[in-house]
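Each chain, letter by letter, is given below.
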Amino acid sequence: MNRSPSLSAKREASPSPPSPNPSALRRWVLAFCVIRFDLEQGQTVEELYPPDSLPSDLQLLVAFSSFPDSMSHHHPRHRSSIHDSIFSFRFPAGGAFIYGYVFNRQRQDERLPRGGEQKSVVVLSHYPYSSVFRLLLQILGPLCFDIGRAALDLVASHVAAWPPPSPGSPMDLPIGTAALRVHLPPSPDDLAAAPFPLANPSVPHGLFHDADLFAAFRGLLLHLWTLWELMLLGEPILVIAPTPPQCSEAVAALVSLVAPLRYSVDFRPYFTIHDPDFARLNSLHEGDAFPPMVLGVTNLFFLKSLKNIPHVVSVGSPSPNSTRVLPVASISPSIGTGRNTRPGRLNLEKLSLNKFSPSSLLNAVKRRREGPLCLMTEHKEAVWSTYSATMKPDTAVLNRLIDAGMSPRIEESMSVVNNEILRRHFLELTTNFLAPFGPYLRATTPSEGSSPFVEPPPLPPFHADEFLNGLAARGPGKFLTKRMRSNWLDLYRRFLEGYNFMPWFQRKRAAVEKEQCRLWRQARINIDIHKLLSKMSEVEIVDSFNAIERHLIEEIQSQQSGGGSADSTVACQKLKGYLQAVFNVLPKDMQQLLLFNPKRAALLQGNPEPNKVPGHPSVHSALVSETNLSFLPL
């Protein structure tokens, strides 16, 4: 899918840009690299900006991850040709992950030594902002080949001038006389606080919303629901494709498939044998469980070295610039060869007929017997897995997809439409799958007439067995019931035991508890204290004094530590007024006792004459001995 921005960068005879602020640059970018592939010396880091921003071991890892495993033999051979591609990789470093975004240029020219050269321009960041860095590379990459090192200085100065990232929001990021218009994915905390159901499916609700889901899995459309389950459960998956752009796009698309669920399993959009983790994975013995991760690879050697990985997905076409053939997908890994020569709807009826044809069944049996190693002789789009899926492919969704036929001119616009259809469906599917957890993730507010000064009730405790028993009794809901097979409860059981559930659930609970605190705090600010006191018993009034005093001190401490919200001043003023109102209905001797504490006296700001609240001429001093009025030490 072409993402070329309508931007151009021209070399200007203007003074050198000012040196960017390093901390401002790091808000977006960790480093820029220019790496050259030398046939004798191997990968060489020509430029690193800022200097010394990466240790030597990470420089070497970045260098090996920034090139195809070999000069692609799929590209046309001409006397002089240039092939540009963009892909991404990811690796752990210092307890976090670094994302690499690569602009790779392969140039074939008989006049060059050995007939060609390769060079990559790389943007490294701690953030999965593919929508930003893909566009940036389409400017920076060609510019580096045009003006060299000066391009890094120029682009770095623009990036450092950008405002801080605003996750979950659209942003205009100026570069030169133009701007990159992007919508950043939400942060994990924002995603956790998102309501059920999601309000607007067209905006990003997870990572890699810009990934071309339709193009990446165009040959495996009927397998998308199985892949959704495997990603939901955090199963190990090997994604193999002819080129780094195809495998990295497919991995990104898989991660985006389970939005709004935050995918918590390790994923590597482009993984090579030079990655330090390869030695650990390669040392697994037969029968050892493969760690939960999704690996995107192009090197067929992985098919032999990683035999323990239970699910293998082959995607992409050996000729990425040619129009791809629409699939004849089936339950088995067999792929058909039917063509569609004009725009229209996907011919699912024809696919169903081919699905049960003798030749299709023979091919499926042969491919299942050979396994993924058949890719060593011929690349095919297929899925190898023994997993028994719960979800049935939604033919109503597939029937809405549009086939561009053999016309490359309209293929891109059709892909945009099809991506929107698929994303809306899988967003709705995931949201409905997570909906039964809603009762455990629901914030409460004070009921009408009750005191907002008491502690909010805790969220309901979660016990997996009780949840599954209750779900079995009431069912998963209408949306899922008609799309699931009879083993649907096992999918929930496996999800609870998988690697995605607990990180999501804990993050969601924390976000709900935070939201509940916010709602109760807002209720305290907006309460009519005199109306509330008129309905309280004498004991409740005394308890309210302690509670208001505690909330006031917490608000003041939060404000003093710099952690207060924008309305902290208003909240403090309101709480002081409430404290004074409750103080005023206490008997005179109790007021004098409280004022012995100088801190409490400062909070009360004096001791006006008591006001009478209807129904409470005074609060008897005897109550004082029965309640705790010493939140502040006397």
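Since we're looking at a predicted model, the values are computed, not measured. (Residues numbered from 1 in each chain as written. Predicted model: local features only at pLDDT ≥ 70, side-chain atom pairs only at ≥ 80, totals over all residues. Heavy atoms only, no water.)

So, the sheet that holds strand 9 (residues 266-268)
Paired through their backbone hydrogen bonds, the strands of a sheet run either parallel or antiparallel. Selection rule: When DSSP locates at least two bridges between a pair of strands, those strands are taken to pair. Note on conventions: DSSP H or I runs of at least 4 residues are helices, E runs of at least 2 residues are strands, and numbering of each starts at the N terminus. Simply put, an axis is a line fit to the C-alpha atoms, just over the touching stretch for a helix, and the angle between two N-to-C directions goes from 0 to 180 degrees. Working rule for contacts: check all heavy atoms of both residues, and any pair within 4.5 Å makes them a contact.
The five strands lie next to each other as 9-10-8-11-13, forming an open sheet whose pairing is mixed. The sheet is open, and its two borders are formed by strand 9 and strand 13 (382-384), each paired with just one other strand. On average, each strand axis in the sheet is inclined to that of its neighbour by 10 degrees, with strand direction left out of account. Here strand 8 (residues 237-240) pairs with strand 11 (residues 311-314) via four bridges, running parallel. In the strand pairing of strand 11, Leu-238 is matched with Val-312. Against the sheet, helix 8 (residues 244-257) contacts strand 8, strand 9 and strand 10 (293-297), and its axis sits at roughly 155 degrees relative to strand 10.

A word on the nonpolar core
Operational definition: Nonpolar cores were defined as sets of buried Ala, Val, Leu, Ile, Met, Phe, Trp, Tyr and Cys residues, with membership established by side-chain atoms within 4.5 Å. A 1.4 Å probe rolled over the protein chains alone gives each residue an accessible area, and that area as a share of the maximum for its type sets the label: buried under 20%, exposed over 50%, partly exposed in between.
Membership of the largest hydrophobic core comes to 126 residues, with the highest contact counts inside it found for Phe-32 and Phe-217. No other element matches the ten residues that helix 3 (residues 130-147) contributes to this core. Once residues lying within four places of it in the same chain are set aside, the contact partners of Phe-217 are Leu-224, Leu-227, Ala-250, Ala-253, Leu-254, Val-313 and Val-315. By size, the runner-up hydrophobic cluster in this structure holds 25 residues, among which are Phe-453, Met-536, Phe-583 and Leu-586.

Remarks on the environment of Leu-124
When you line up the elements, Leu-124 lands in strand 5 (residues 116-125). Classification of Leu-124 as buried rests on a relative accessible area of 0%. Counting along the chain gives 91 residues from Leu-124 to Cys-33, while the straight-line C-alpha distance between them is 8.0 Å. Ignoring anything within four residues of it in the chain, the contact list for Leu-124 reads Val-29, Leu-30, Ala-31, Cys-33, Leu-54, Val-62, Phe-89, Ile-98, Tyr-99 and Gly-100.

A word on unusual backbone geometry
Here Tyr-49 and Pro-50 are connected by a cis peptide whose omega angle stands at -5 degrees. Mapped onto the elements of the fold, Pro-50 is located in the loop between strand 2 (42-49) and helix 2 (56-65). A cis amide bond links Ala-259 with the next residue in sequence, Pro-260, at an omega value of 10 degrees. Looking at where Pro-260 falls in the secondary structure, it is placed in the loop between helix 8 and strand 9. Notably, Asp-52 is not glycine yet its phi reads approximately 60 degrees, a positive angle. Along the chain, Asp-52 turns up in the loop between strand 2 and helix 2. Taking the relative accessible area as the measure of exposure, Asp-52 reaches 75% and is therefore exposed.

As for the side chain of Thr-272
For Thr-272, the position within the fold is in the loop between strand 9 and helix 9 (276-282). You can call Thr-272 buried: its relative accessible area is 2%. Every residue in contact with Thr-272, bar those within four places of it in the chain, is listed here: Phe-64, Asp-69, Phe-278 and Phe-302.

Concerning the confidence of the model for the protein chain
What counts here: For every residue, the pLDDT score states the predictor's confidence, bounded by 0 at the bottom and 100 at the top.
Confidence along the protein chain averages 81 in pLDDT terms, with 78% of residues attaining 70 or more. Scored below 50 in pLDDT, residues 320-342 makes 68 contacts in the model with residues more than four places away or belonging to other chains. Note on residues 350-356: pLDDT under 50 across the span, and twelve contacts to partners over four residues away in sequence or across chains.

Digging into the pairing of strand 8
Both faces of the sheet carry side chains from a regular strand, because those side chains alternate between them. Residues Ile-237 and Val-239 of strand 8 are buried on one face, and the alternating residues Leu-238 and Ile-240, pointing to the opposite face, are buried as well. Direction of pairing for strand 8 relative to strand 10: parallel, over a ladder of four bridges. What sits directly across from Val-239, in strand 10, is Gly-296.

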